[in-house]
Amino acid sequence: VRTCNVWSYMAFGSLYANWLTLIHSEYVLPWDGVFRFLGMGTPGDHHVHHKFFKFNYGHLFMWFDKMCGTYRSPKEFSNKAFRDGV
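Description of the structure in this document.

Rules used in this analysis
- Residues numbered from 1 in each chain as written.
- Predicted model: local features only at pLDDT ≥ 70, side-chain atom pairs only at ≥ 80, totals over all residues.
- Heavy atoms only, no water.
- Phe/Tyr/Trp six-rings, centres within 6.5 Å; stacked < 30°, edge-to-face > 60°.
- Helix = DSSP H or I, 4+ residues; strand = E, 2+ residues; numbered from the N terminus.
- Buried < 20%, exposed > 50% of the residue type's maximum accessible area, 1.4 Å probe, protein only.
- Lys NZ or Arg CZ within 6 Å of the ring centre and 35° of its normal.

A short note on the packing of aromatic side chains
And then number 1: Evaluated as defined, the whole model comprises four aromatic pairs.
And then number 2: Relative to Y16, the ring of F12 lies with its centre 6.0 Å away and its plane at 10°, an arrangement referred to as stacked. Of the two residues, F12 and Y16 both sit in helix α1 (residues 6–23), four residues apart, roughly one turn of that helix.
And then number 3: A relative accessible area of 29% means that Y16 is categorised as partly exposed.
And then number 4: With centroids separated by 4.2 Å and ring planes inclined at 15°, the aromatic side chains of F61 and W63 adopt a geometry described as stacked.
And then number 5: Overall, F61 belongs to the partly exposed group, its relative accessible area being 35%.
And then number 6: Lying across the ring of Y71, K66 places its NZ or CZ 4.9 Å from the centre.

Here is the structure:
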């Protein structure tokens, strides 16, 4: 049985920790359009999750949310629940 290379493990952990920090920032980031096109979650997507707790469960990818009908765009709620620019 091969074991995980410690440097690969540390690189993945660091990237994932940075990703979690970004999606919790509640800021519109310049690359959000690219990430949304690739099916990755954005701070706006994750903010919907924190506001309503029944949508947008994915931390990294929104694919399963879109397939299962639990995805909601932040634009649907922007005027109702969020501060400007989210």
